[in-house]
Amino acid sequence: MNWDDTTDTSAEERLVGASADREDQAVEAALRPKDLGEFIGQEKVREQLDLVLRAARARGATADHVLLSGAPGLGKTTLSMIIAAEMEAPIRITSGPAIQHAGDLAAILSSLQEGEVLFLDEIHRMSRPAEEMLYMAMEDFRVDVIVGKGPGATAIPLELPPFTLVGATTRAGLLPPPLRDRFGFTAHMEFYEPAELERVVHRSAILLDVEIDPAGAAEIAGRSRGTPRIANRLLRRVRDYAQVKADGVITKDIAAAALAVYEVDARGLDRLDRAVLEALLKLFGGGPVGLSTLSVAVGEERETVEEVAEPFLVREGLLARTPRGRVATPAAWAHLGLTPPRSQAPGNGQGDLFGA
């Protein structure tokens, strides 16, 4: 139940995609935790953020600007709403792509109330003119509104009430240093451990009025790619299966059978992930093979393989990106139950591809 908004539209239709579709957004609104005490996982971030907010409340001041980075679905939007709730302040939500001109940002900033929280999702995708206006707004609570055009243009300073900006990004490296430096608190959201996801699944099941046993929750958590949003989505699909095919109670066997129907295996790989691995192993002997060649073999666009499938495969240690091309690791052969050729076996020169 700790999730955030969409980023990659190419992955929207995947059951294990981290982006949020309309159904996800509707469910998340009901399941989101309301305060830091309810928020599961991200222990260090929660502890640090709690200190920041408590100190601000004690001073009677607005909280420092906050930058949250991390993969989609880990809780950035949820934390922004919790910040507003903890500060007892209203929240305004927008996104970087929606701010194409400095005037768009000026209109939002000039309408903020004192102490209001402005949540700016995908902040790295904001236009450069708006970004430069944001520098002054964050530091001095002031913006210069340009009136007129050409040599006769005049800059009129507009004072802003103190506010808290919460920026969220999946690509912190794209933020320019002057913008990063203006955030008083920055936090990186990590992927969740299976035990934390089990707690997420149990809490979601209670709120959705679904009966689930510990083994069933563990089965769903283990296939959720370390992402609460995916755990929540898998829970809903398993719930549907349990209601139609069983007595409505989610057990380990029911969860495994349901996710087999949806082609999500025990490690969280789906059809696309396995197609990439099978092509790499069966057609190219484990690699190395170029990305374009691998994409043709899978029947997908190059960008889909590189941006949708590969990140998780690399994170799981099933695939390696090397200067010579994509290479399957021993774990990939083991996961698919295949025997690597002699040239891939340990001690036959393959280890240097992985830096061994």
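Residues numbered from 1 in each chain as written. Predicted model: local features only at pLDDT ≥ 70, side-chain atom pairs only at ≥ 80, totals over all residues. Heavy atoms only, no water.

### Quick look at the confidence of the model for the protein
Scored by pLDDT, the protein has a mean of 83; 88% of the residues are at 70 or more. When the criterion is pLDDT under 50, residues 1-12 qualifies, and its contacts beyond four places in sequence or with other chains add up to 62 contacts. Note that pLDDT drops below 50 for residues 346-356; the model gives that stretch 15 contacts with residues more than four away or on any other chain. (pLDDT = per-residue confidence, 0-100. Contact = heavy atoms within 4.5 Å.)

### A word on the side chain of Thr169
Checked against the element boundaries, Thr169 lands in strand S6 (residues 164-169). Its relative accessible area of 0% is what places Thr169 among the buried residues. A distance of 2.6 Å separates a polar atom in the side chain of Thr169 from a polar atom in the side chain of His124. A distance of 2.9 Å separates the side chain of Thr169 from the backbone nitrogen of Arg171, its partner in a polar contact. For Thr169, the contacting residues outside a window of four places in its chain are Leu67, Leu68, Ser69, Gly70, Lys76, Glu122, Ile123, His124 and Leu175. (Helix = DSSP H or I, 4+ residues; strand = E, 2+ residues; numbered from the N terminus. Buried < 20%, exposed > 50% of the residue type's maximum accessible area, 1.4 Å probe, protein only. Polar contact = N/O pair within 3.5 Å; in protein donor to acceptor, adjacent residues only side chain to side chain.)

### Things to note about the pattern of salt bridges
Under the defined criterion, the tally for this structure stands at 16 salt bridges. As a salt-bridge pair, Glu139 and Arg182 come within 3.1 Å of each other at their nearest N and O atoms. Here Glu139, found in helix H5 (residues 128-140), pairs with Arg182, found in the loop between helix H6 (177-180) and strand S7 (185-188); they are 43 residues apart in sequence, far enough to count as distant. Accessibility expressed as a relative area gives 25% for Arg182, which makes it partly exposed. Sharing partners across several salt bridges, the network here consists of Arg237, Arg239 and Asp240. (Salt bridge = Lys/Arg side-chain N within 4 Å of Asp/Glu carboxyl O.)

### Quick word on the environment of Glu131
In this structure, Glu131 sits in helix H5. For Glu131, a relative accessible area of 4% translates into the label buried. With residues near it in sequence (within four places) discarded, Glu131 still touches Met126, Pro176 and Leu179.

### Quick look at the sheet that holds S6
The strand order across the open sheet built from 5 strands is S2-S3-S6-S1-S7, with neighbouring strands paired in parallel fashion. A single partner strand is all that each edge strand has here, and the edge strands are strand S2 (91-95) and S7. The sheet shows a mean angle of 15° between the axes of neighbouring strands, direction not considered. Bridge count for strand S1 (residues 66-69) against S7 is 4 bridges, and the pairing is parallel. Bridge pairing in S7 places Ser69 opposite His188. (Pairing = 2+ DSSP bridges. Axes fitted to C-alpha atoms, helices over the stretch in contact; angles between N-to-C directions.)

### Considerations on unusual backbone geometry
A positive phi angle, near 50°, is found at Glu122, a position not held by glycine. Looking at the element boundaries, Glu122 is found in the loop between strand S3 (117-121) and H5. You can call Glu122 buried: its relative accessible area is 5%. Of note, the phi angle at Arg225 is positive, near 60°, even though the residue is not glycine. Of note, Arg225 is situated in the loop between helix H8 (214-222) and helix H9 (228-245).

### Let's talk about the packing of helix H12 (residues 291-298) against helix H13 (residues 302-315)
It is at 8 Å that the axes of H12 and H13 come closest, and there the two elements cross at 90°. When the interaxial angle is binned, H12 and H13 end up roughly perpendicular. The segment H12 lies against H13, with Leu291, Ser292 and Ser295 engaging Arg302, Val305, Glu306 and Glu310. Classifying every residue of the contact of H12 with H13 by side-chain character gives 2 nonpolar, 2 polar and 3 charged. (Parallel < 35°, antiparallel > 145°, perpendicular 65-115°, else oblique. Nonpolar A, V, L, I, M, F, W, Y, C, P; charged D, E, K, R; others polar.)

### Quick word on helix H11 (residues 271-283)
Residues three or four positions apart in an α-helix share a direction because the helix packs 3.6 residues into each turn. Its 13 residues place the ends of H11 17 Å apart at the C-alpha level, agreeing with the 18 Å of an ideal helix rising 1.5 Å per residue. For H11, the set of buried residues is Leu272, Asp273, Arg274, Val276, Leu277, Ala279, Leu280 and Leu281. Next to the buried residues of H11 lie H12, H13, strand S10 (319-322), strand S11 (325-328) and helix H14 (330-335). For H11, the N-terminal cap is Asp270; the gap from its side-chain oxygen to the backbone nitrogen of Leu272 is 3.3 Å. Among the residues trailing H11, Gly285 stands out with phi positive, at a value near 60°. (Expected span 1.5 Å × (residues − 1).)

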